[in-house]
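Chain and residue survey
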Amino acid sequence: MRQRTTTIRATLVIALLVVGVGVVLFHGHDTPKKPAPSTSTTTTTTAPGTTTSTTTTIPEGAFPQTSALPPAHTHDLNGRMRALLSAIATGNPAHGYGAFFPLAAYLQTKAGGGNTEDWHYRLIGHFDQDVATYHRELGPHAADAKLVGYSVDDAAAVWVVPGVEENKGPYWRIYDTTLTYAIGHQTGSLRVSTMISWRGEWYVVHLIGFNS
């Protein structure tokens, strides 16, 4: 009886060993799986009464005019002069629209009606033509033109009061600003006929002559 019990126990031990080895071998041949990519979704819920911040772009020239006489050189004017020369060099007037007197400021300056159309079709129309004229004058290597500098005669600036030139708002006006450029080793200059002020900065309004 004791021998039979011992035999049964030995048989059970062998069976367990065989099963254990099989389990080890089975898992040893499993191909590890890559973990599934985790995703997180952030949902923002605005409860009633919650204040949210928004960014509003205010058009240039929208703030009221000031009586500040613009300096002959400013960081912003440097950028406008570079933009103006880029327009002339490429023959693409849109590059220089940032140098032009803003529409919102023009609407605060001019009396009467139709000023939006006047700005778009007369002033910008003449600016486009003048850019094309200067582009042709620079010649076949116009695209190589680089800004050397510019000269603004602040001492000759005039404060233009309402009632003059159909204006309802005042501004400083300056004639004959000189834009100096270089193409290779050759330098030259272009004349900016008229610039007027807005809040202490100069803007182009007539490039060649005074366009009526």
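For the structure itself, consult the block above.
Before going into details, it helps to say that this report is about the structure given with it. All values derive from a computational prediction rather than experimental measurement.

Some thoughts on the environment of Arg-80
With respect to the helices, strands and loops of the structure, Arg-80 is situated in helix α2 (residues 75–90). Polar side-chain contacts of Arg-80 include one of 2.4 Å to the side chain of Glu-201.

Thoughts on α2
Here α2 is 16 residues long and its end C-alpha atoms lie 23 Å apart, about the 22 Å a rise of 1.5 Å per residue gives. The set of residues buried in α2 consists of Leu-77, Arg-80, Met-81, Ala-83, Leu-84, Leu-85, Ala-87, Ile-88 and Ala-89.

Let's talk about a nonpolar patch on the surface
Among the surface-exposed residues, Trp-159, Val-161 and Val-164 lie close enough to one another that they form a single nonpolar patch of about 220 Å² accessible area. With respect to the helices and strands, Val-164 occurs in the loop between β2 (158–160) and β3 (171–183). Residue Val-164 is classed as partly exposed on the basis of its relative accessible area of 36%.

As for unusual backbone geometry
Even without glycine at this site, Glu-165 takes up a positive phi of about 55°. Relative to the assigned elements, Glu-165 resides in the loop between β2 and β3. Classification of Glu-165 by relative accessible area gives partly exposed; the value is 35%. Residue Arg-199 is not a glycine yet carries a positive backbone phi of 55°.

Digging into the pattern of salt bridges
Opposite charge on two side chains permits pairing when their charged atoms draw close. Across all of its chains, the model carries four salt bridges by this definition. Of the charged contacts, one joins Arg-80 and Glu-201 as a salt bridge, the two residues approaching to 2.4 Å between their closest N and O atoms. Placement of the pair is Arg-80 in helix α2 and Glu-201 in the loop between β4 (186–197) and β5 (202–206), with a sequence separation of 121 residues. In terms of burial, Arg-80 and Glu-201 fall into one category: buried. In this structure, Arg-122 and Asp-118 form a salt bridge, with 2.6 Å as the shortest nitrogen-oxygen distance. Of this pair, Arg-122 and Asp-118 both sit in helix α4 (residues 115–138), four residues apart, which is roughly one turn of the helix.

Focus: the packing of aromatic side chains
Tallied over the full model, the rule gives six aromatic pairs. Summarising the aromatic geometry, the rings of Trp-159 and Trp-172 are spaced 5.2 Å apart at their centres and angled 55° between planes, so their arrangement reads as tilted. Of this pair, Trp-159 sits in strand β2 while Trp-172 sits in strand β3, placing them 13 residues apart in sequence. Within the aromatic cluster, the residues linked to one another by ring pairs are Tyr-97, Phe-100, Trp-119 and Phe-127.

Rules and cut-offs
- Residues numbered from 1 in each chain as written.
- Predicted model: local features only at pLDDT ≥ 70, side-chain atom pairs only at ≥ 80, totals over all residues.
- Heavy atoms only, no water.
- Helix = DSSP H or I, 4+ residues; strand = E, 2+ residues; numbered from the N terminus.
- Polar contact = N/O pair within 3.5 Å; in protein donor to acceptor, adjacent residues only side chain to side chain.
- Expected span 1.5 Å × (residues − 1).
- Buried < 20%, exposed > 50% of the residue type's maximum accessible area, 1.4 Å probe, protein only.
- Patch = residues over 30% accessible without salt bridge, like charges linked within 9 Å, V, L, I, M, F, W, Y side chains within 5 Å.
- Areas by Shrake-Rupley, 256 points an atom, 1.4 Å probe, with all protein chains shown as cover.
- Salt bridge = Lys/Arg side-chain N within 4 Å of Asp/Glu carboxyl O.
- Phe/Tyr/Trp six-rings, centres within 6.5 Å; stacked < 30°, edge-to-face > 60°.

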